[in-house]
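# Overview (structure and organization)
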Amino acid sequence: MNFNVKDIEQFQTQKQFIDTAIVPLMQLNLSDEGMKQSSSAVEYLMTLTMFIEQQFRGRVMLMPPFSYTDRTKNELLPMQLQEELHSTGFKSVIFITCDHFWSKKNENLNVLWLPAIPLESMDKTVKQRILEDQLKQIIPVLTEAWV
Amino acid sequence: MSNNRVTRRQFLTYTITGVGGFMAAGMLMPMVRFAIDPVLQTKAEGNLVLTSQKIADITDVPVKVDFTFEQTDGWYKSDVTEAAWVYHDGNEIVALSPVCKHLGCTVNWEGDPAHANQFFCACHAGRYEKNGKNVKGTPPLGPLDQYEVAEKDGYLMLGKKIANTFS
Ligand code: FES
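Residues numbered from 1 in each chain as written. Chains lettered and ligands numbered in written order. Predicted model: local features only at pLDDT ≥ 70, side-chain atom pairs only at ≥ 80, totals over all residues. Heavy atoms only, no water.

As a further point, take the overall build of chain A. Summing up its helical and strand segments, chain A has five helices and five strands in all. Counting helices and strands in the order they occur from the N terminus, chain A gives α-β-α-β-β-α-β-α-β-α. Taken against the 2.2 N^0.38 rule, which gives 15 Å for 147 residues, the C-alpha radius of gyration of chain A at 15 Å falls within 12% of a compact globule. Expressed as lengths along the three principal axes of its C-alpha atoms, the size of chain A is roughly 45 × 40 × 30 Å. A buried classification covers 41% of the 147 residues belonging to chain A. For chain A, the proportion of contacts with a sequence separation of at least 24, taken over those separated by at least 6, is 73%. Side-chain charges in chain A split into 14 positive and 18 negative, and the spacing between the mean points of these groups amounts to 4 Å. (Helix = DSSP H or I, 4+ residues; strand = E, 2+ residues; numbered from the N terminus. Rg over C-alpha atoms; globule rule 2.2 N^0.38 Å. Buried < 20%, exposed > 50% of the residue type's maximum accessible area, 1.4 Å probe, protein only. Contact = heavy atoms within 4.5 Å. Lys, Arg positive; Asp, Glu negative; His and termini not counted. Charge placed at Lys NZ, Arg CZ, Asp CG, Glu CD.)

Listed below in structure tokens is the structure:
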């Protein structure tokens, strides 16, 4: 499901089935040197999470990305967001990010860190194959959360 | 200084030209739109999409065939990739939509080792027979949709989604 009115209406009647929230954690780099790479990572994470949503939309709610810059980065915010999502009824909350920062502090957060892959330079079929490969890495994380 | 002031006559002329312009535009716009619209509509959904799947390679074991088309949602155009499970049934080619009829996850052929010869939905353990019929007692309440199929130069084309024809 996506965070739009149509899907939310369905979520509210089917809460017992749609029990997992996915939150992309997106780092924005606005410096001249970093901007392009940052946008590439954003593009990758958006495409990948949309693909996950398409495959598991009956059980997963893809939240709008949680974005921050170096200066607005705050370790506590995802924790609070997670708490709120839990109290909304999501049993599992999974964060997905390309930012290394989160890969170390994951005792209380379920963070899946993936290195960004520059999809922008790839043609459609290669892109699709890469997304499927990445998905294969993500499925165990989901099934682990679902047992 | 007084030279720069707009005279009453000038003011009226400007105003009338302006208003006239709007009126003309108001009349012309719909006409232009009607003239152009049918051209835009030829791209509508429901057309056959060519896939990279060779007809000759299709067996009686379902394979996943991806296909991409352009979708317009309001102003937003995007490439959408969808898939179909395709197999031979006698002389016929069957293409099933992988979208689970429970809440829309993507189903996989023999996705659960415990249930050979069935489609499996990992989200809530929904199951379907090979022809798309939902297995009673699992969450889905209806059979998988089908796609219209066609052939072009030996390759598979997929068309509109239709209701399952087996049940
Ligand atoms: S979405 Fe397939 S069983 Fe629930």
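And the narrative resumes.
Glancing now at the side chain of B:Asn134. In this fold, B:Asn134 is placed in the loop between β7 (126-129) and β8 (146-152). Within polar-contact distance, the side chain of B:Asn134 engages the backbone oxygen of B:Pro140 at 3.3 Å. (Polar contact = N/O pair within 3.5 Å; in protein donor to acceptor, adjacent residues only side chain to side chain.)

All names here are of chain B. What the three strands build is an open sheet, ordered β5-β6-β7; its pairing is antiparallel. A strand with exactly one partner marks an edge of an open sheet, and here the two such strands are β5 (108-109) and β7. For β5 and strand β6 (residues 118-121), the ladder comprises two bridges, and the chain directions are antiparallel. Each bridged residue has a counterpart across the sheet, and for Trp109 the counterpart in β6 is Phe119. (Pairing = 2+ DSSP bridges.)

All names here are of chain A. In contact at an axis separation of 10 Å, helix α2 (residues 35-56) and helix α5 (residues 124-146) are set at 60° when each is read in the N-to-C sense. Of the possible angle classes, the one that applies to α2 and α5 is oblique. α5 is crossed by α2, and the crossing has right-handed handedness. Residues Tyr44, Thr47, Leu48, Phe51, Ile52, Gln55 and Phe56 of α2 lie in contact with α5, whose contacting residues are Gln128, Leu131, Glu132, Gln134, Leu135, Ile138, Ile139, Leu142 and Trp146. Per-class residue counts for the contact of α2 with α5 are 11 nonpolar, four polar and one charged. (Axes fitted to C-alpha atoms, helices over the stretch in contact; angles between N-to-C directions. Parallel < 35°, antiparallel > 145°, perpendicular 65-115°, else oblique. Left-handed = near helix turned anticlockwise from the far one by under 90°. Nonpolar A, V, L, I, M, F, W, Y, C, P; charged D, E, K, R; others polar.)

Its 22 residues place the ends of α2(A) 31 Å apart at the C-alpha level, agreeing with the 32 Å of an ideal helix rising 1.5 Å per residue. Residues of α2(A) that are buried: A:Ser38, A:Ser40, A:Ala41, A:Tyr44, A:Leu45, A:Leu48, A:Thr49, A:Phe51, A:Ile52, A:Glu53, A:Gln55 and A:Phe56. Its buried side turned inward, α2(A) meets α1 (5-13), β1 (20-27), β2 (60-62), β4 (92-97) and α5 of chain A together with β2 (63-73) of chain B. (Expected span 1.5 Å × (residues − 1).)

Counting from both sides, the interface comprises 15 residues of chain A and, opposite them, 14 residues of chain B. Surface buried jointly by chain A and chain B totals about 1,200 Å² across both partners, of which 51% is contributed by carbon and sulfur atoms. In this assembly, chain A and chain B are joined by five residue pairs in polar contact (both at pLDDT 80 or more). The set of elements that each furnish at least two residues to the side of chain A that touches chain B consists of α2 and α5 of chain A. Looking at the side of chain A that touches chain B, its residues break down into five nonpolar, six polar and four charged. (Buried area = accessible area lost by both parts, 1.4 Å probe.)

Before going further, it helps to examine the pattern of salt bridges. All names here are of chain A. Within this structure, the stated rule accounts for eight salt bridges over all chains. For the salt bridge of Arg57 with Asp7, the shortest nitrogen-to-oxygen distance reads 2.8 Å. Here Arg57, found in the loop between α2 and β2, pairs with Asp7, found in helix α1; they are 50 residues apart in sequence, far enough to count as distant. Judged by relative accessible area, Asp7 falls into the buried class, the value being 3%. Where Asp99 meets Lys73, a salt bridge forms, and the shortest distance between an N and an O atom there is 3.1 Å. In this pair, Asp99 is assigned in the loop between β4 and α4 (101-104) and Lys73 in the loop between β3 (66-68) and α3 (76-88), connecting sequence segments 26 residues apart. Owing to a relative accessible area of 7%, Asp99 belongs among the buried residues under this scheme. The network of salt bridges with shared partners includes Asp7, Glu53 and Arg57. (Salt bridge = Lys/Arg side-chain N within 4 Å of Asp/Glu carboxyl O.)

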